[in-house]
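Notes for the structure review
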2 protein chains.
Amino acid sequence: MNNRRNFLKNTLPLGILPLIPLNSFSQELYKNGGTPNKLRRPKVIFFDVNETLLDLETLKESIVKTLGNKKELGTLWFTTMLQYSLVATAANQYFDFGKIGSAALIMVANNNGINLSAEYAKNAVKPILSLDAHKEVKEALELLKKNNYKLVSFTNSSNFAVEQQLKHAGLIDYFDAKISVEDYGKFKPDSDVYNWAARKMQIDNKDCLLVSAHGWDIAGAVWAGWQGAFISRPGQQLFPLAPLPEINKPNLLALAKELVLL
Amino acid sequence: MNNRRNFLKNTLPLGILPLIPLNSFSQELYKNGGTPNKLRRPKVIFFDVNETLLDLETLKESIVKTLGNKKELGTLWFTTMLQYSLVATAANQYFDFGKIGSAALIMVANNNGINLSAEYAKNAVKPILSLDAHKEVKEALELLKKNNYKLVSFTNSSNFAVEQQLKHAGLIDYFDAKISVEDYGKFKPDSDVYNWAARKMQIDNKDCLLVSAHGWDIAGAVWAGWQGAFISRPGQQLFPLAPLPEINKPNLLALAKELVLL
């Protein structure tokens, strides 16, 4: 399919392509089977924080313990938190990301016969403020800094939370700016948030690169006209219906080594 | 807190209330602990379809079988599908709900070491077209029709899918209209979709009642100015950060019996 599409692209005038009958499901999934665009040197590199820079392990342990030690429920909680962050955004509402995390925990717990107070749920989510960096992160950020890249953190966490997080992980000095969606009032991957972050850094969308371990974050950035760098950490997947990002690496150091060649 | 808030509401001029320092987490969660608004007779009753009218059991069995028989992964799949429907909406994209379901299944499977083809995933999701109605649904809809209620189905499923679903479940004749978000291009609970559905039925938001077994759907409807009726089916929870809906019943017949009294 990939070869056929490229063949058609290269040999037919542009207007004819949409007339070729392709099964619409294959056509969409095709996007992810295609060849990604070539990575260009970005003016600013934006980093997602949770999971991308920081290791969620201790947070997950706290959540799983709260949910009766069922490991799968830890993943269900995180997904539910992400779902409800977008429920809020879609309904023109905004709540602190941590508060949505607590609310999601109460919901998942109730569904599994566990009753949690708001206070208990809030405490169970607290380890999010004191996560360690993934082991290769400092070396990667140092390499990028040495090569004159401008680095910006860009997270769904609140301003307060990300300040605590980057301080605790010893990463705060690497960043030229810290952007939280809290200042805009919508969560990633709403297109408006990427547009706003680019404007905040006074650059065009095409000059932004998002580094993220989340398929939904990469999809949102690429749809907004950014370049995307997916960090394929364990348990993370690209969204099969979104275009492929420019680059896909298993960790941040492997990515940094490519970026310094540009 | 509830009594104190009501006391303040009743005794202080409106403008003073926001100055009372309440812990913001309690304040938000308070909404769900408060007293719901009194239910008024709606001009149109809108019904969510999947889970609310139709029993997802056979679909879940198919999904769980595909995911190596781990039951928790069935719930994770459904939540991931809902998350990614909103990822699309937030990024101004639209895909068929079933296609998002297949994509979500591929992602959850990959994360658990299972490789699925697009074709296999599509087939695993297909039982969504042939679900049975929950056992009390026909009696409830009949009761409402006899009492001159206008009934409308309102779903994230595509037009094609909901037609198949309601035919197979023997429910199609109960509905005066069938509304799919496909015609608007955004998924529930985006506020725009509720506004659009109300306009389509030529009534105001305040004259709409949404019946749904999903906390996110009820939250979206209530935030859009509709009335809400939550059907608390097993495994379903209200969103603790949203206002309480007007009514909360364990099944559709219990709800219908209240509605015919209005």
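Chain A appears in an unreviewed UniProt entry as 2-haloacid dehalogenase from Flavobacterium caeni. What UniProt records for chain A under Sequence similarities (unreviewed entry) is the sentence "Belongs to the HAD-like hydrolase superfamily. S-2-haloalkanoic acid dehalogenase family."

1. Topic: the relation of the copies chain A and chain B
With an RMSD of 0.0 Å, the fit of chain A onto chain B corresponds to turning through 180° and sliding 0.0 Å along the axis. Such a turn and shift between the copies fits a two-fold axis. In terms of proximity to the rotation axis, the leading residue of chain A is Gln83(A), whose C-alpha is 2.2 Å off the axis. Most of the interface of chain A is mirrored in chain B: 100% of its interface residues are interface residues there too.

2. Some remarks on unusual backbone geometry
Residue and element names in this part refer to chain A. Backbone torsion omega between Lys188 and Pro189 reads 5°, so that peptide bond is classified as cis. Within the fold, Pro189 resides in the loop between β3 (177–180) and α9 (191–200). Unusually for a residue other than glycine, Gln202 sits at a positive phi of about 60°. Judged by its relative accessible area of 74%, Gln202 falls in the exposed class.

3. Overview of the packing of helix α4 (residues 71–90) of chain B against helix α5 (residues 97–111) of chain B
Residue and element names in this part refer to chain B. At a minimum axis separation of 8 Å, α4 and α5 run at an interaxial angle of 125°. Viewed along their axes, α4 and α5 adopt a mutual orientation that is oblique. Between α4 and α5 the crossing geometry is right-handed. Seen from α4, the contacting residues are Leu73, Leu76, Trp77, Thr80, Met81, Leu82, Tyr84 and Ser85; seen from α5, they are Phe97, Ile100, Gly101, Ala104, Leu105, Met107 and Val108. By residue class, the composition of the contact of α4 with α5 is 12 nonpolar, three polar and no charged.

4. Quick notes on the pairing of strand β2 (residues 150–155) of chain B
All names here are of chain B. Of all six residues that make up β2, five are buried, and the element is covered over most of its length. Pairing of strand β1 (residues 44–47) with β2 involves four bridges; the strand directions are parallel. Its bridge partner lying in β2, Ile45 is registered against Leu151. Pairing geometry for β2 and strand β3 (residues 177–180), over four bridges, is parallel. Bridging across to β3, Phe154 finds its partner in Ile179. In the classification by handedness, the crossover that spans β2, the intervening helix α8 (residues 159–168) and the parallel β3 is right-handed.

5. What about the pattern of salt bridges?
Residues and elements named next belong to chain A. Under the definition given, this model contains 22 salt bridges over all chains. Among the salt bridges present, the one from Lys43 reaches Asp207, with a minimum N-O distance of 3.5 Å. Of this pair, Lys43 sits in the loop between α2 (24–33) and β1 (44–47) while Asp207 sits in the loop between α9 and β4 (208–212), placing them 164 residues apart in sequence. Its relative accessible area of 10% is what places Asp207 among the buried residues. Notably, a salt bridge pairs Lys206 with Asp207, separated by 3.3 Å at the nearest N-O pair. Beyond isolated ion pairs, a larger network of salt bridges with shared partners links Lys43, Asp204, Lys206 and Asp207.

6. Structural notes on the sheet that holds strand β2 (residues 150–155) of chain A
Residues and elements named next belong to chain A. Taken together, the six strands give an open sheet; going across it, the order is β3-β2-β1-β4-β5-β6, and neighbouring strands pair in parallel fashion. Strands with a single pairing partner mark the edges of an open sheet, and in this sheet they are β3 and β6 (247–249). On average, each strand axis in the sheet is inclined to that of its neighbour by 20°, with strand direction left out of account.

7. Let's talk about the sheet that holds β1(B)
Residue and element names in this part refer to chain B. Within the open sheet, the six strands sit side by side as β3-β2-β1-β4-β5-β6. Their pairing is parallel. Looking along the sheet, the strands with just one partner apiece sit at the ends: β3 and β6 (247–249). Recorded for the sheet is a direction-independent mean angle of 20° between the axes of neighbouring strands. Relative to β6, strand β5 (residues 227–231) runs parallel, the two being bridged by three bridges. Residue pairing for β6: Ile231 is matched across the bridge by Lys249.

Rules behind the numbers
- Residues numbered from 1 in each chain as written.
- Chains lettered and ligands numbered in written order.
- Predicted model: local features only at pLDDT ≥ 70, side-chain atom pairs only at ≥ 80, totals over all residues.
- Heavy atoms only, no water.
- UniProt positions renumbered as here; feature names shortened; annotations may be inferred.
- Least-squares fit on C-alpha atoms with pLDDT ≥ 70 in both.
- Contact = heavy atoms within 4.5 Å.
- Helix = DSSP H or I, 4+ residues; strand = E, 2+ residues; numbered from the N terminus.
- Buried < 20%, exposed > 50% of the residue type's maximum accessible area, 1.4 Å probe, protein only.
- Axes fitted to C-alpha atoms, helices over the stretch in contact; angles between N-to-C directions.
- Parallel < 35°, antiparallel > 145°, perpendicular 65-115°, else oblique.
- Left-handed = near helix turned anticlockwise from the far one by under 90°.
- Nonpolar A, V, L, I, M, F, W, Y, C, P; charged D, E, K, R; others polar.
- Pairing = 2+ DSSP bridges.
- Right-handed = clockwise from strand over helix to strand, strands pointing away.
- Salt bridge = Lys/Arg side-chain N within 4 Å of Asp/Glu carboxyl O.

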